[in-house]
Amino acid sequence: MKKLVVLASALVAFGTVCSGQASVSQLLTENETNPLGLTTTDPRFSWQIRSPQRNTLQSAYEIKVSNGKNTVWSSGKINSDSSVHVAYKGSPLLTNEKYQWQVKVWDQNSKGSAWSAPASFQMGLISPADWKARWIESGLTESPSRPSQLFRKSFSTGKKVKSATAYITSHGMYEAYLNGKRIGDAWLTPGWTSYKKRLQYQSYDVTHLLQQGANTVGAMLGNGWYRSVLGWQNNGNIYGKTLGLLMQINIDYTDGSKETVATDGSWKSETGAVVYSEIYNGETIDARKEKLNWNTNNYDDNNWTAVQVKDYPLTNIVTTVNEPVKKQESFKALKIITTPAGEKVIDFGQNLVGWVEMKVAGKAGDSVLLSHAEVLDKKGNFYTENLRAAKAQNKYILKGESAETFHPYFTWQGFRYVKVEGYPGELKPENFTAYALYSDMKPTGIFNSSDSLINQLQHNIQWGQKGNFLDVPTDCPQRDERLGWTGDAQAFSRTASFNMNVNNFFAKWMRDVEADQIEGLVPHVIPNALGKDGNSAGWADVATIVPWDMYIAYGDKRILATQYNSMKAFVESVRRTTKDDLWNTTWHFGDWLFYRPFDDNDGSSAVTDKHLIAQCFYAHSTQLLINTAKVLGNKADADTYTNLLQRIKAAFNKEYVTATGRLVSGTQTAYVLALQFDMLPENSRQQASDRLVENIKRYGNHLTTGFLGTPYLCHVLTRFGHSDLAYTLLMQDSYPSWLYPVKMGATTIWERWDGIKTDGSFQTPTMNSFNHYAYGAIGDWMYRKMVGLDTYEDGVGYKHIQVKPHIGGKFTHASASLQTYYGTLSNAWKKDSTHVSMQVEIPANTRATIYIPGTDIGKITENNAPLSSSKGVKITGQEDGYTVVETGSGKYSFAVKQ
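In short, a report on the structure.

Analysis parameters
- Within each chain, residues carry numbers counting from 1 in the order of the written sequence.
- Given that this is a predicted model, residues contribute local features only at a pLDDT of at least 70 and side-chain atom pairs are listed and counted only at 80 or more, while totals for whole chains, interfaces and linings are drawn from all residues.
- Side-chain descriptors were evaluated using all non-hydrogen atoms of the structure, hydrogens and water having been removed beforehand.
- By definition, two strands form a pair when at least two bridges between them are found by DSSP.
- Labels follow the DSSP assignment, with helices taken as runs of H or I lasting at least four residues and strands as runs of E lasting at least two, numbered in each case from the N terminus.
- Axes, fitted as lines to C-alpha atoms, cover a helix only where it is in contact. Angles between the N-to-C directions of the axes lie from 0 to 180 degrees.
- Summary of the burial criterion: residues with accessible area below 20% of their type's maximum are buried, those above 50% are exposed, and those between are partly exposed, where the area comes from a 1.4 Å probe applied to protein chains only.
- Throughout, the term roughly parallel applies to angles under 35 degrees, roughly antiparallel to angles over 145, roughly perpendicular to angles from 65 to 115, and oblique to all others.
- The handedness criterion is simple: a crossing whose near helix is rotated anticlockwise from the far helix by less than a right angle is left-handed, and one whose near helix is rotated clockwise is right-handed.
- Contacts between residues were defined by any pair of non-hydrogen atoms, one from each residue, lying within 4.5 Å.
- Only protein atoms enter the 1 Å grid, on which a cavity is a set of points fitting a 1.4 Å probe that cannot get out and a pocket is an open set with protein on both sides within 12 Å along at least 5 of 7 lines, lining residues being those with an atom within 4 Å of a point.
- Grid points are joined across faces, edges and corners, and a volume is the space filled by probe spheres set on the points.
- Throughout this entry, Asp, Glu, Lys and Arg are counted as charged residues, while Ala, Val, Leu, Ile, Met, Phe, Trp, Tyr, Cys and Pro are counted as nonpolar. The remaining residues, Gly among them, count as polar.
- A side-chain nitrogen of Lys or Arg and a carboxyl oxygen of Asp or Glu constitute a salt bridge if their distance falls within 4 Å.
- For the purposes of this analysis, a disulfide is any pair of cysteine sulfur atoms at a distance within 2.5 Å.
- Residues grouped as a nonpolar core are buried Ala, Val, Leu, Ile, Met, Phe, Trp, Tyr and Cys residues, joined through side-chain atoms within 4.5 Å.

### Digging into the sheet that holds strand 46 (residues 882–887)
Okay, so step 1: Reading across from one edge, 37-38-42-46-45 is the order of the five strands in this open sheet, with mixed pairing throughout. Strands with a single pairing partner mark the edges of an open sheet, and in this sheet they are strand 37 (789–791) and strand 45 (873–879). For this sheet, the mean inter-axis angle between neighbouring strands, taken without regard to orientation, is 25°.
Okay, so step 2: Note: strand 38 (residues 800–803) against strand 42 (residues 847–853), four bridges, orientation parallel. Within strand 42, the position partnered with Val 803 by the bridge is Ile 850.

Set out below in structure tokens:
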């Protein structure tokens with residue numbers, strides 16, 4: 001019977017392909033597959049259309065949403081080409097209810113598809129009144145080491161369970177259990193937000209964990225971001241001093257009745273094996289103190305302490321909208337090194353963020369210490385000076401069983417190397433496995449080229465993102481920092497959107513940007529763990545840059561609407577401090593970590609006037625605010641800020657530009673920002689780009705830019721006709737350059753261009769991270785210019801696609817593919833002595849403008865036939881050495897004879 005069903009399904013699929021009928025798949029709700037815990041009252045639906053036919057467009061859709069047998073919304077046939085972020089418009093959605101939805105579409109020929117397979121979503125606890133749980137805290141007197149705390153409760157279910165959902169949050173980090181089984185596969189929950197205003201809860205389907213009859217629910221809490229030391233000067237207890245748990249399980253029985261199991265005064269508390277846990281310093285686990293089976297029915301908790309119930313307000317509790325942190329790739333120990341200093345060190349081959357799982361056997365009381373480091377020094381010894389005050393050590397005390405396994409729960413490290421001390425017996429590689437931890441964002445982008453060093457650079461960019469996108473976009477994962485620095489995030493956000501789907505990741509974080517703004521001012525880090533003033537140019541501008549980047553990359557209009565007040569408040573906070581429209585009255589980081597030789601006797605240090613930089617970013621944020629106002633239909637604000645922008649640029653030219661068009665700061669960053677943000681009159685831009693070229697050549701074809709100039713450097717060169725020099729900079733492999741760290745063995749992006757100097761010594765250890773993604777922003781140029789995959793603003797989110805490769809350097813091929821909300825977009829170009837070829841794929845329900853490198857149409861073919869006869873390809877003109885064509889969806893093979 002099973003074989004017949006499979007055969008029938010295959011025949012249906014075959015018939016669909018043969019008939020050319022479109023099908024619908026990849027259904028998403030709020031950008032997720034079958035999500036739980038939604039609280040938005042009008043969730044948005046997205047889907048992909050698959051069709052073997054070229055130029056497939058959607059002309060209409062129909063959506064059905066049901067709750068069991070009840071239909072809560074039937075849209076009817078809607079004449080629209082929208083297939084991304086289509087909002088629900090049915091009956092009010094109810095707390096804790098699960099819904100199914102399906103969609104069918106019609107193509108441009110009015111030919112309808114079959115209904116899609118159903119997708120689902122479940123609502124969470126929509127209002128504070130939906131919480132039946134109360135906050136509980138341990139009744140124990142806490143010791144100075146502040147061990148992790150255990151909470152448990154036994155209960156009974158006398159009926160057959162239909163479904164059960166657990167809603168959990170905490171003060172501190174939690175790990176929850178039901179009948180001894182871990183609830184969910186997320187780590188470091190509830191994540192990091194501006195806790196006093198926004199504390200996230202997570203939703204879990206626990207139906208499969210419940211038993212009819214006796215059950216036990218438990219949770220273990222650790223300090224986490226809530227009360228660990230964050231930043232400097234022993235800055236702990238930022239959000240509170242006491243750990244707490246808020247949890248409820250909503251149970252639906254098959255007979256239609258409901259029950260809620262929630263935190264209340266009936267719970268009990270104790271401490272367990274995790275005797276110490278801090279984010280920077282690491283964790284100590286004493287297995288002798290483990291409460292065996294404490295989270296199961298087979299445990300006597302008579303000696304445990306009753307909890308304390310607290311009436312904390314629930315108005316700050318919000319659902320989770322982003323992907324949780326999960327265990328990702330695993331790494332076996334490559335080798336065990338005995339250093340010149342006699343240390344036993346494991347090399348995992350990759351600088352990663354997470355922790356090591358260790359298997360060990362020994363006597364009760366044996367202690368093993370694992371210390372973590374990113375690099376070895378020039379002699380080959382273990383190097384931790386750049387960790388500053390962070391100990392980054394995990395200590396495990398054995399209980400003496402034949403085989404024990406250890407890993408931390410509420411901390412993580414950034415490392416490639418692990419020093420092992422106290423291990424009983426022989427140190428074997430197979431007893432150590434490193435696991436990467438990062439937010440579970442879906443991989444979306446692939447890049448490859450004919451140059452192995454550039455491919456390694458791409459690897460480093462992606463691993464820099466993985467290591468630092470750990471619920472918030474951190475600056476570094478290893479030292480006593482690990483904070484959500486705003487400047488790094490805005491510089492990298494567009495690159496990030498190629499490598500992974502960061503739509504929800506940034507949507508969540510930007511809400512914390514708004515939550516932590518003070519009269520519009522944006523703190524330097526989000527969540528604001530430093531408590532200092534903000535509004536540093538290029539850092540605070542994250543308030544406008546990231547929402548706009550997400551709108552362009554994903555077509556997500558809602559993030560603009562959600563963040564508009566924040567964007568406007570930031571621009572106004574700058575305007576309040578200006579005089580004669582110049583932002584020159586506040587302190588700024590400037591072009592952070594720009595090129596500056598130590599023995600600078602000839603003025604080679606590339607110092608850019610900080611207020612010139614500020615003026616450029618002030619203009620840029622104002623322009624993005626104008627753009628957003630137009631998208632949202634706010635004409636009054638668009639007009640107001642257009643007038644302001646004109647004054648900002650006029651003030652810039654009066655203050656920072658000489659009569660001959662020279663900038664008062666002659667650095668690469670100064671010219672790059674002035675050109676990128678259109679600060680100069682159009683008739684003086686080319687001469688400015690020529691001055692930029694002269695500057696680069698003066699440094700021997702090396703960049704000198706820091707965090708703020710680097711993301712735009714190659715983009716500006718390409719825009720003004722200097723792609724050849726952009727390629728020269730990309731391929732430069734001596735300091736300072738992108739490839740210098742690669743040649744020095746980097747597996748992630750470094751914080752400094754010369755984190756390790758040519759003589760093997762290190763840069764200033766107080767600020768020298770080897771996993772710091774900001775300079776990885778070159779990836780954006782590689783994807784959008786080198787391979788040429790981009791989106792137009794009249795069809796954001798790759799609804800209207802641009803494919804315009806800039807072929808150059810010594811590359812013989814380069815390729816990139818991107819999983820958009822519409823489907824796969826890709827381009828692969830090759831160049832040899834006779835032809836330049838492009839293999840292009842355009843997803844259904846989009847259109848593309850493709851630039852083919854060559855202007856002799858007679859020498860251009862598509863699928864081995866003359867371009868002029870290609871079906872579905874319209875030649876629209878020639879531009880800058882390209883032949884321009886318009887296409888719809890499909891796969892295209894272009895070749896240009898040389």
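Moving on from the coordinates now.
### Considering helix 15 (residues 778–787)
Okay, so step 1: Across the 10 residues that make up helix 15, a large majority, 10, are buried.
Okay, so step 2: What helix 15 keeps buried is the set Ile 778, Gly 779, Asp 780, Trp 781, Met 782, Tyr 783, Arg 784, Lys 785, Met 786 and Val 787.
Okay, so step 3: Residue Gly 788 follows helix 15 closely and has a positive phi angle near 95°.

### Structural notes on the packing of helix 3 (residues 452–468) against helix 15
Okay, so step 1: Between helix 3 and helix 15, the least distance of the axes is 10 Å, while the angle of their chain directions is 120°. Here helix 15 runs oblique to helix 3, going by the angle between their axes. The two elements helix 3 and helix 15 meet at a crossing, and its hand is left-handed. Taking contact as the criterion, the partners of Ile 454, Leu 457, Gln 458 and Ile 461 in helix 3 are, on helix 15, Ile 778, Gly 779, Met 782 and Tyr 783.

### A word on empty space enclosed by the protein
Okay, so step 1: Evaluation of the coordinates by the stated rule reveals five cavities of 30 Å³ or more.
Okay, so step 2: Of the volumes computed, that of the largest cavity is approximately 100 Å³.
Okay, so step 3: What lines the largest cavity is Thr 444, Ser 497, Asn 501, Ala 553, Tyr 554, Gly 797, Tyr 798, Leu 818, Gln 819, Thr 820 and Tyr 821.
Okay, so step 4: Those elements that provide at least two residues to the lining of the largest cavity are helix 6 (542–554) and strand 39 (813–820).
Okay, so step 5: Considering each element in turn, the lining of the largest cavity owes the most residues, three residues, to strand 39.
Okay, so step 6: Split into classes, the residues belonging to the lining of the largest cavity amount to five nonpolar, six polar and no charged.
Okay, so step 7: Approximately 80 Å³ is the volume found for the second largest cavity.
Okay, so step 8: Elements represented by at least two residues in the lining of the second largest cavity include exactly helix 3 and helix 14 (739–743).
Okay, so step 9: Grouping the amino acids of the lining of the second largest cavity by side-chain chemistry returns nine nonpolar, three polar and one charged.

### Section: the pairing of strand 19 (residues 274–278)
Okay, so step 1: Of all five residues making up strand 19, four are buried, and the element is well covered by its neighbours.
Okay, so step 2: As paired strands, strand 19 and strand 20 (residues 282–286) are joined by four bridges and run antiparallel to one another. Note on strand 20: the bridge partner recorded for Val 274 is Ile 285.
Okay, so step 3: Where strand 19 folds back onto strand 20 in an antiparallel hairpin, the turn is made up of three residues.

### Overview of the pattern of salt bridges
Okay, so step 1: For the coordinates displayed, the defined rule picks out 40 salt bridges.
Okay, so step 2: In this structure, Lys 268 and Asp 301 form a salt bridge, with 3.7 Å as the shortest nitrogen-oxygen distance. Taken together, the residues Lys 268 in strand 18 (residues 268–271) and Asp 301 in the loop between strand 20 and strand 21 (305–306) connect sequence positions 33 residues apart.
Okay, so step 3: Residue Asp 301 is classed as buried on the basis of its relative accessible area, which comes to 15%.
Okay, so step 4: Connected through salt bridges with shared partners, the residues Glu 30, Asp 42, Arg 44, Asp 556 and Arg 558 form a single ionic network.

### Remarks on the state of the cysteines
Joining two cysteines, a disulfide is a covalent bond between their sulfur atoms.
Okay, so step 1: Per the stated rule, a full pass over the model turns up zero disulfides.
Okay, so step 2: As a non-bridged cysteine, Cys 616 has Cys 714 as the owner of its nearest cysteine sulfur, 18 Å distant.

### Focus: the nonpolar core
Okay, so step 1: Among the nonpolar cores identified, the biggest contains 208 residues, and Leu 457 and Met 782 are the most heavily contacted of them.
Okay, so step 2: When residues in this core are grouped by element, the largest group, 11 residues, is from helix 8 (residues 610–631).
Okay, so step 3: For Met 782, the contacting residues outside a window of four places in its chain are Phe 447, Ile 454, Leu 457, Gln 458, Ile 461, Leu 730 and Val 787.
Okay, so step 4: Core analysis: the second largest hydrophobic core is formed by 27 residues, Tyr 174, Val 206, Leu 209 and Val 307 among them.

### A word on unusual backbone geometry
Okay, so step 1: Across the junction of Ile 526 and Pro 527, the peptide omega takes the value -5°, indicating a cis bond.
Okay, so step 2: Within the element layout of this structure, Pro 527 appears in the loop between helix 5 (503–516) and helix 6.
Okay, so step 3: The omega angle of the peptide bond from Tyr 735 to Pro 736 is -10°, so this bond is cis rather than trans.
Okay, so step 4: Here Pro 736 is to be found in the loop between helix 13 (723–731) and helix 14.
Okay, so step 5: With phi around 55°, Asn 234 is a residue other than glycine that occupies positive phi space.
Okay, so step 6: Mapped onto the fold, Asn 234 is located in the loop between helix 2 (224–227) and strand 16 (244–253).

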